There are 2 protein chains.
Amino acid sequence: MTTLVQVAQLAGVTAATVSNVLRGRGKVGAQTRQRVLAAVETLGYRPNLMARALVEGKPSTIALIVSSIANPFYPEFALEVERAARKLGYFLLVCNTNDDPAQERAYLDAVGGSLAQGVIVMNADFVQIDALLALRRRGVPVVLCMWERPQAPPELPCVAVDFHQAGVLAAEHLIKLGHQRIGAIVGSEASGNHRWRYQGFRDTLAKAGIEFHDTQVRFGHDSIDDGRNAAHSLLAAVPDLSAVFVSNDLPAFGVLQAAADLGLEVPRDLSVTGITDIQLAHQLRPALTTVAVPTAEAAGLAVDMLMDLIAHPKGAVPPLKVTAAPRLVVRATTGRVGPL
Amino acid sequence: MTTLVQVAQLAGVTAATVSNVLRGRGKVGAQTRQRVLAAVETLGYRPNLMARALVEGKPSTIALIVSSIANPFYPEFALEVERAARKLGYFLLVCNTNDDPAQERAYLDAVGGSLAQGVIVMNADFVQIDALLALRRRGVPVVLCMWERPQAPPELPCVAVDFHQAGVLAAEHLIKLGHQRIGAIVGSEASGNHRWRYQGFRDTLAKAGIEFHDTQVRFGHDSIDDGRNAAHSLLAAVPDLSAVFVSNDLPAFGVLQAAADLGLEVPRDLSVTGITDIQLAHQLRPALTTVAVPTAEAAGLAVDMLMDLIAHPKGAVPPLKVTAAPRLVVRATTGRVGPL
DNA sequence: ATGAAAGCGCTAACAG
DNA sequence: CTGTTAGCGCTTTCAT
């Protein structure tokens with residue numbers, strides 16, 4: 001590996017000078033600059049970012065902790081974070097915890113405060129708020145992203161999306177289409193992250209005076225397969241549903257498949273809504289009616305907030321940013337309720 | 001940030017000793033060990049991996065360069081690489097170039113030789129072999145993964161999958177089902193990465209004495225949308241096709257959609273095959289018949305090779321590893337050719 | 001069994 | 001303008 005000193009020797013100058021021309025700091029004579037640049041070129045020198053980070057006290061990377069890179073939402077989100085980070089000269093370290101708390105801890109330990117200058121943690125069912133608080137106490141800038149309830153933020157810098165509202169929008173849409181017998185499939189445990197989406201749905205039904213029994217809901221995981229299984233279970237138990245509210249896009253695709261399995265035509269026999277609007281929502285057929293969540297905005301806000309935290313380490317009260325409201329996107333999986 | 005020295009002071013020992021207990025090196029008295037551990041605990045100390053990397057001359061990270069994290073294949077692959085890397089005590093840096101050569105170069109410069117100890121580059125149309133060679137010349141361990149033609153490897157350490165064979169398998173399957181009028185949709189330019197898959201397909205058709213005209217193929221990108229568009233174009237031009245060979249799973253989904261748009265029932269009216277067997281292949285409906293590629297094996301081999309390269313920097317001839325052969329996975333999108 | 005000292009590659013003062 | 005000095009946080013001989 002080529003080092004600064006080797007370049008300096010070849011150029012007949014000292015390391016400091018090389019550093020200066022490379023960073024554009026200080027004044028360097030045009031002559032020397034040329035020689036240095038030439039030396040850099042012939043030696044194929046590249047600065048050691050670790051050494052630089054060490055002396056500067058901060059690495060040029062930020063970390064993004066995601067629970068499952070296999071869930072297409074996260075890569076999409078990571079893309080946005082990376083875009084924002086690179087614009088500011090940072091590299092993005094994508095850390096996949098695979099829904100394993102131990103692995104999350106390992107990443108937080110490793111990354112927090114040494115491998116990265118700060119970390120953005122994607123909200124997930126198993127996110128260990130206490131671990132994040134500990135990290136924060138150690139002086140590592142941390143922001144929790146995609147918190148679901150702006151009204152009840154954790155004691156942590158946090159960007160939130162009003163997912164309760166997302167649930168409301170989906171429900172209102174279904175109700176407006178005349179649906180009365182609406183099932184629900186929630187992609188988390190009953191006490192999990194998606195509870196607010198579900199709550200928004202339930203609240204809206206209640207307000208509209210529509211009955212809903214606990215037999216009409218299934219809880220599970222955020223995956224296509226779980227959505228399909230849940231839908232089979234739900235539709236077997238409550239066959240006269242005309243619509244199903246799904247708390248996320250991925251399981252919504254599963255519901256669509258279950259409907260097809262049962263010979264139900266969507267949306268004639270069954271309407272289905274998702275939440276998030278991942279790419280697949282418009283790429284698959286039938287295109288999914290869903291409540292779009294401002295992903296790019298959330299990513300941008302998270303990076304901004306992290307930068308603020310880095311610049312002003314001691315904020316008294318943890319900041320909270322809330323994205324624009326979710327937005328209904330009507331596509332091909334919802335329609336007016338048919339004649340009984 | 002807590003440092004080694006602070007821990008040492010609190011424990012009433014010297015930095016070297018703390019380092020020793022933490023790394024399990026050297027002999028340390030049970031008493032001191034306890035005090036040190038206690039100090040670490042109360043201070044919440046975490047070693048600075050950058051500093052460690054600097055003195056050890058190598059970081060504990062390896063980098064994976066992917067062209068598009070939005071393409072679900074790459075996250076799936078990244079997962080496997082991460083698994084293999086972590087087992088060896090390495091963190092994985094996922095670098096997304098977004099199909100932008102400039103960004104790839106930026107990542108290679110940054111990551112190669114300082115942020116990461118070595119880099120695995122996923123093969124892609126735009127991969128700049130010369131940039132990789134330059135990196136290698138600078139002494140950075142590099143392995144190119146998912147090379148498509150084992151018979152013609154580049155001058156680079158490389159793990160290859162026989163994608164020509166994948167094309168052969170898909171074609172043989174179709175032919176065995178009686179198909180004679182088979183179209184092709186290729187998810188890369190004619191001279192791009194998928195050319196060998198296509199070649200395998202063409203070779204097999206030729207061997208079987210099945211005619212094929214250039215009107216029966218469309219070249220494009222590796223995406224659902226491109227697959228759909230290509231299929232529309234293809235089926236409009238050559239409506240009597242009974243099957244279409246697609247060079248990757250993602251565009252194959254697009255073809256399925258186009259078939260649905262045209263009222264063609266799969267596989268009764270049209271058989272479709274993909275290549276890779278990404279998760280969506282079995283998660284979507286109809287489940288895709290495809291040629292599975294040993295992704296996990298390739299990931300493991302790539303990591304292994306990288307480790308070898310790290311351990312034995314000066315291999316005379318660049319190593320080449322080839323995965324097990326691809327494997328046909330018959331699902332619901334292929335069937336016997338129907339009566340004309 | 002523990003401490004002292006040197007140094008990894010780089011940058012940031014401060015001299016000259 | 002350029003060189004000198006010091007030191008980032010850690011590991012590693014080599015003494016003690």
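Scope of this entry: the structure provided in the associated data block. The model shown is predicted, which means the values in this text are computed figures rather than measured ones.

### What about the overall build of chain A?
Along the backbone of chain A there are 13 helices and 12 strands. In terms of overall size, chain A is more extended than a compact globule, its C-alpha atoms giving a radius of gyration of 25 Å where 340 residues would be expected to give roughly 20 Å. With the C-alpha coordinates of chain A rotated into their principal frame, the extents come out at 90 × 40 × 30 Å. Counting across all 340 residues of chain A, residues that qualify as buried make up 56%. Expressed as a percentage of contacts within chain A between residues at least 6 apart in sequence, the contacts between residues at least 24 apart total 70%. By element, 53% of the accessible surface of chain A is carried by carbon and sulfur atoms, the whole surface being about 13,900 Å². Across chain A, the mean location of the 31 positive side-chain charges is 11 Å away from that of the 31 negative side-chain charges.

### Describing the sheet that holds strand β2 (residues 91-96) of chain B
All names here are of chain B. Sheet architecture is open: six strands sit in the order β2-β1-β3-β4-β5-β11, paired in parallel fashion. Each edge of the open sheet carries a strand with a single partner, namely β2 and β11 (320-322). Averaged over neighbouring strand pairs, the angle between their axes works out to 20 degrees when direction is ignored. Examined bridge by bridge, strand β5 (residues 158-160) and β11 share three bridges and lie parallel to one another.

### Quick notes on unusual backbone geometry
In this model, V266(A) is joined to P267(A) through a cis peptide bond whose omega is 5 degrees. Tracing the backbone through its elements, the reader meets P267(A) in the loop between α11 (249-261) and β9 (271-276). Even without glycine at this site, D99(B) takes up a positive phi of about 60 degrees. Topologically, D99(B) is positioned in the loop between β2 and α6 (101-111).

### Some words on the sheet that holds strand β11 (residues 320-322) of chain A
All names here are of chain A. Judged by pairing direction, the sheet is parallel, and its six strands sit side by side in the order β2-β1-β3-β4-β5-β11 without closing on themselves. Strand pairing shows two members of the sheet lacking a second neighbour, β2 (91-96) and β11, which therefore form its edges. Here the average twist between neighbouring strands, direction ignored, is 20 degrees.

### Points about the interface of chain B and chain A
Each side of the interface is counted separately: chain B has 44 residues, and chain A has 44 residues. Taken over both partners, the interface formed by chain B and chain A buries close to 4,200 Å², and the fraction arising from carbon and sulfur atoms is 62%. Here chain B is connected to chain A by two salt bridges. Between D109(B) and R46(A) there is a salt bridge, with its nearest N and O atoms 2.8 Å apart. Taken together, chain B and chain A are joined by 12 residue pairs in polar contact (both at pLDDT 80 or more). Taken together, the elements giving at least two residues each to the side of chain B that touches chain A come down to α4 (49-56), α5 (73-87), β2, α6, α10 (224-237) and α12 (279-283) of chain B.

### A short note on the nonpolar core
One finds F77(A), M146(A), F253(A), F77(B), M146(B) and F253(B) to be the most contacted residues of the largest nonpolar core, which totals 153 residues. It is helix α13 (residues 295-311) of chain B that contributes the most residues to this core, 10 residues altogether. Sequence-distant contacts of F253(B), that is, excluding residues within four places in its chain, are made with I224(B), I278(B), L280(B), A281(B), L284(B) and L288(B). Core analysis: the second largest hydrophobic core is formed by 54 residues, V127(A), Y107(B), L144(B) and W147(B) among them.

### Topic: the relation of the copies chain B and chain A
Mapping chain B onto chain A leaves a residual RMSD of 0.1 Å; the transformation is a rotation of 180 degrees accompanied by 0.0 Å of translation along its axis. Here the symmetry operator amounts to a two-fold rotation axis. A high fraction, 100%, of the interface residues of chain B reappear at the interface in chain A, so the copies pair face to face through one surface.

### Quick word on the protein's contact with DNA strand C
Residues in close proximity to DNA strand C total 24 residues, the closest being L4(A), Y45(A), R52(A), G29(B) and T32(B). The sugar-phosphate portion of DNA strand C accounts for 81% of its atoms within 4 Å of the protein, the bases making up the rest. One nitrogen or oxygen atom from the side chain of R23(A) is found 2.8 Å from a phosphate oxygen belonging to DNA strand C. Broken down by secondary-structure element, the contributors of at least two residues to the surface near DNA strand C are α2 (15-23) and α4 (49-56) of chain A together with α2 (15-23) and α4 of chain B. For the surface near DNA strand C, a count of residues per class yields 12 nonpolar, eight polar and four charged.

### Looking at the packing of aromatic side chains
For the coordinates displayed, the defined rule picks out 16 aromatic pairs over all chains. When the ring of Y198(A) is compared with that of F212(A), the centres are 6.3 Å apart and the planes differ by 65 degrees; the resulting orientation is edge-to-face. With Y198(A) in helix α9 (residues 195-207) and F212(A) in the loop between α9 and β7 (217-219), this pair connects stretches of sequence that are 14 residues apart. Ring geometry for F201(B) against F245(B): centres 4.4 Å apart, planes inclined by 10 degrees, an arrangement best described as stacked.

### A short note on the side chain of N123(A)
Residues and elements named next belong to chain A. Here N123 lies in the loop between β3 (119-122) and α7 (129-137). On the basis of relative accessible area, N123 is assigned to the buried category, the value being 9%. Engagement of the side chain of N123 in a polar contact is seen with the backbone oxygen of M146, the distance being 3.3 Å. Beyond its immediate stretch of four places on either side in the chain, N123 contacts Y74, L144, C145, M146, W147, E148 and N193.

### What about the environment of A134(B)?
The topology assignment puts A134(B) in helix α7 (residues 129-137). Along the backbone, A134(B) and D100(B) are 34 residues apart, and their C-alpha atoms lie at a distance of 18 Å.

### Thoughts on the protein's contact with DNA strand D
What surrounds DNA strand D is a group of 24 residues, the closest being G29(A), T32(A), L4(B), Y45(B) and R52(B). G29(A) is positioned such that a nitrogen or oxygen atom in its backbone is 2.4 Å from a phosphate oxygen of DNA strand D. Residue R23(B) places a side-chain N or O atom 2.8 Å away from a phosphate oxygen belonging to DNA strand D. Elements represented by at least two residues in the surface near DNA strand D include exactly α2 and α4 of chain A together with α2 and α4 of chain B.

What counts, and at which threshold
- Residues numbered from 1 in each chain as written.
- Chains lettered and ligands numbered in written order.
- Predicted model: local features only at pLDDT ≥ 70, side-chain atom pairs only at ≥ 80, totals over all residues.
- Heavy atoms only, no water.
- Helix = DSSP H or I, 4+ residues; strand = E, 2+ residues; numbered from the N terminus.
- Rg over C-alpha atoms; globule rule 2.2 N^0.38 Å.
- Buried < 20%, exposed > 50% of the residue type's maximum accessible area, 1.4 Å probe, protein only.
- Contact = heavy atoms within 4.5 Å.
- Areas by Shrake-Rupley, 256 points an atom, 1.4 Å probe, with all protein chains shown as cover.
- Lys, Arg positive; Asp, Glu negative; His and termini not counted.
- Charge placed at Lys NZ, Arg CZ, Asp CG, Glu CD.
- Pairing = 2+ DSSP bridges.
- Axes fitted to C-alpha atoms, helices over the stretch in contact; angles between N-to-C directions.
- Buried area = accessible area lost by both parts, 1.4 Å probe.
- Salt bridge = Lys/Arg side-chain N within 4 Å of Asp/Glu carboxyl O.
- Polar contact = N/O pair within 3.5 Å; in protein donor to acceptor, adjacent residues only side chain to side chain.
- Core = buried A, V, L, I, M, F, W, Y, C linked by side-chain atoms within 4.5 Å.
- Least-squares fit on C-alpha atoms with pLDDT ≥ 70 in both.
- Near = heavy atom within 4 Å.
- Nonpolar A, V, L, I, M, F, W, Y, C, P; charged D, E, K, R; others polar.
- Phe/Tyr/Trp six-rings, centres within 6.5 Å; stacked < 30°, edge-to-face > 60°.

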